[in-house]
Amino acid sequence: MRVLVVGAGLSGAVIARSLSESGHRATVVEARPHIAGNCHTERCPETGVLVHRYGPHIFHTDDAEVWDYVNGFTRFRPYRHQVRTTARGRVYAMPLNLHTINQFFGATLRPEEARAHVAARAEAGEGEAASFEEQALRMVGRELYDAFLRGYTEKQWGVSPAKLPASILKRLPLRFSYDDNYFFHSFQGIPEEGYTAMVERILDAAGIEVHLETAFAPEMAERHDHVVWSGPLDEWFGHRLGRLGYRTLDFEAFRAEGDWQGCAVMNYPDPEVPFTRITEHKHFAPWEEHAGTVCYREYSRACGPGDIPYYPIRLVAEKALLARYVEMAEAEENVTFVGRLGTYRYIDMDVTIREALDTARAMRDAARAGDRLPRFSAAPL
């Protein structure tokens, strides 16, 4: 097959590589001037710090096959992600753990005592929680919710947590131990040379052509047997039914000498602080030493035309619109929708790669059998 892959992020790169290894030809077009999508990394020319240009990306997974796959293209260095939060004038460890609970309540509780202490403050409820707020109040109670979760969530999503699905909270752990490792997966790390170098090696294969600063045009599809689309699902259809809702991020960069905040990520849940967090990028590569430092303040807002979409909102209205686009997509010929944008789902890097590997395998098998190629790398609904 001659396959046109739209987007040089993880989904597009992995699928292009996998297809090329089976003798297919892949042309990758990328509208931006670089590969690797939102996990693009670059050196700051002033400080030499390796910067995660579109926000920090920490690779964490329990999928041994995916871990072996990425390590086949670059060296991953161990990295333990620790997050701090400045709330009401004090600094706490995140995610919520035994240290946070004891510090917040001015106590010296043991694990079971802390569990009982939090449970006594949690609000009762029956059945499934209907919203993020309801789930949070059932889990940690009003005091911890107001201090650490409510303001941050409102800034991140632009709506009251009472209007957000409870499923969002499942990404935030609550621990009754002093373990402040943000993730709990078996394999965790960051590529020594950055993600862009890794993606460059994935794309470095016979049968792959990469064209940067090249936006997709419909006539491109006519010169290929199949299209792999990693852009927004609604964009493929020219937003015919309306735009799916996303949140985007604005980054305010600043530089300094030495160490600015002493950690990679400092959250700011207080509602009066306009940004959600400050990231200090030298801490994402603790094996390096730099005299200067690069930090980014992150501001979340609604994604408009021309903005980079980051987080699919997936509220009731968006899911109803999504269902209509999925129906249209199923009727399309010669296109497969992949990745976070193509399936309108929030997925981590390891899941993105897993789905790309599985999709490429399904595409190869279908082509060999003369069957219809898959429409989606994973069901959006």
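In what follows, the structure referred to is the one given above.
The structure reproduced in this document is the subject of the present report. (Residues numbered from 1 in each chain as written. Predicted model: local features only at pLDDT ≥ 70, side-chain atom pairs only at ≥ 80, totals over all residues. Heavy atoms only, no water.)

Across its full length, the protein holds 11 helices and 17 strands. Here the C-alpha atoms of the protein give a radius of gyration of 22 Å, agreeing with the 21 Å that 2.2 N^0.38 yields for 381 residues. Each principal axis of the C-alpha atoms in the protein carries an extent, and together these give about 65 × 50 × 35 Å. Relative to its full complement of 381 residues, the protein shows a buried share of 56%. The contacts in the protein between residues at least 6 apart in sequence include a share of 72% that link residues at least 24 apart. Accessible surface computed for the protein: about 16,900 Å², of which carbon and sulfur atoms make up 48%. For the protein, the distance from the average position of its 44 positive side-chain charges to the average position of its 53 negative side-chain charges is 2 Å. (Helix = DSSP H or I, 4+ residues; strand = E, 2+ residues; numbered from the N terminus. Rg over C-alpha atoms; globule rule 2.2 N^0.38 Å. Buried < 20%, exposed > 50% of the residue type's maximum accessible area, 1.4 Å probe, protein only. Contact = heavy atoms within 4.5 Å. Areas by Shrake-Rupley, 256 points an atom, 1.4 Å probe, with all protein chains shown as cover. Lys, Arg positive; Asp, Glu negative; His and termini not counted. Charge placed at Lys NZ, Arg CZ, Asp CG, Glu CD.)

On to the pattern of salt bridges. Overall, the coordinates contain 29 salt bridges when judged by the stated rule. For Arg 201, the salt bridge identified is with Glu 193, shortest N-O distance 2.9 Å. Judged by its relative accessible area of 33%, Arg 201 is partly exposed. Owing to a relative accessible area of 43%, Glu 193 belongs among the partly exposed residues under this scheme. A salt bridge links Arg 354 to Asp 358; the nearest nitrogen and oxygen atoms lie 3.0 Å apart. Note that Arg 354 and Asp 358 are positioned in helix H11 (residues 349–369) at a spacing of four residues, about one turn of the helix. A relative accessible area of 17% places Arg 354 in the buried class. Overall, Asp 358 belongs to the partly exposed group, its relative accessible area being 33%. (Salt bridge = Lys/Arg side-chain N within 4 Å of Asp/Glu carboxyl O.)

Right, let's talk about helix H4 (residues 111–121) for a bit. Residues of H4 that are buried include every one of Ala 114, His 117 and Val 118, and no others. What you see down the axis of H4 is that its buried residues fit within an arc of 90°, all on one side. Exposed and oriented more than 90 degrees from the buried face of H4 are Glu 112 and Ala 120. Tucked inside the fold, the buried residues of H4 contact helix H3 (98–105) and helix H5 (132–157). (Arc of directions from axis to C-beta.)

It is worth spelling out the nonpolar core at this point. Residues Phe 59, Phe 148, Met 198, Leu 203, Leu 233, Phe 337 and Ile 353 are the most contacted members of the largest nonpolar core, which totals 100 residues. Excluding anything up to four places from it in sequence, Phe 148 contacts Thr 85, Ala 87, Tyr 92, Met 94, Leu 96, Thr 100, Phe 104 and Pro 269. With eight residues, the next largest nonpolar core counts Phe 254, Phe 275, Ile 278 and Cys 295 among its residues. (Core = buried A, V, L, I, M, F, W, Y, C linked by side-chain atoms within 4.5 Å.)

Structurally, Glu 355 is set in helix H11. Apart from residues lying up to four places away in sequence, Glu 355 is in contact with Arg 345, Ile 347, Ser 377 and Ala 378.

Pairing in this open sheet of five strands is parallel, and the strands run E10-E2-E1-E11-E17 from one edge to the other. The sheet is open, and its two borders are formed by strand E10 (208–211) and strand E17 (335–337), each paired with just one other strand. Taken pair by pair, the neighbouring strands of this sheet meet at an average axis angle of 15°, ignoring direction. The sheet contact formed by strand E11 (residues 226–229) and E17 spans three bridges and is parallel. From the neighbouring strand, Trp 229 faces E17, where its bridge partner is Phe 337. (Pairing = 2+ DSSP bridges. Axes fitted to C-alpha atoms, helices over the stretch in contact; angles between N-to-C directions.)

With respect to the helices and strands, the residue Ala 366 is situated in helix H11. On the basis of relative accessible area, Ala 366 is assigned to the buried category, the value being 8%. Each residue touching Ala 366, except ones within four places of it in the same chain, is listed here: Asp 371, Arg 372 and Leu 373.

Per the stated rule, a full pass over the model turns up 27 aromatic pairs. Ring centres 5.5 Å apart and planes at 65° place the aromatic pair Phe 59 and Phe 76 in the edge-to-face group. On the criterion of sequence distance, the pair formed by Phe 59 in strand E5 (residues 59–61) and Phe 76 in strand E6 (residues 76–78) is long-range, its members being 17 residues apart. For the pair Phe 59 and Phe 76, a shared accessibility class is recorded, and that class is buried. On the numbers, 5.9 Å between centres and 85° between planes, the contact of Trp 236 with Phe 337 is edge-to-face. Here Phe 337 lies in strand E17 and Trp 236 lies in helix H8 (residues 233–236), a separation of 101 residues in the sequence. (Phe/Tyr/Trp six-rings, centres within 6.5 Å; stacked < 30°, edge-to-face > 60°.)

In this section: helix H9 (residues 316–330). Across its 15 residues, H9 extends 21 Å between first and last C-alpha, which sits within 8% of the 21 Å expected from 1.5 Å per residue. Each element contacted by the buried residues of H9 is listed here: H8 and E17. (Expected span 1.5 Å × (residues − 1).)

Attention now moves to the packing of helix H1 (residues 10–20) against H11. It is at 8 Å that the axes of H1 and H11 come closest, and there the two elements cross at 35°. You can see that H1 and H11 cross each other, and the crossing is right-handed. Together, Leu 10, Ser 11, Val 14, Ile 15, Ser 18 and Leu 19 of H1 and Met 349, Thr 352, Ile 353, Ala 356, Leu 357, Thr 359, Ala 360, Met 363 and Arg 364 of H11 make up the contact between the two elements. The residue makeup of the contact of H1 with H11, split by class, is 10 nonpolar, four polar and one charged. (Left-handed = near helix turned anticlockwise from the far one by under 90°. Nonpolar A, V, L, I, M, F, W, Y, C, P; charged D, E, K, R; others polar.)

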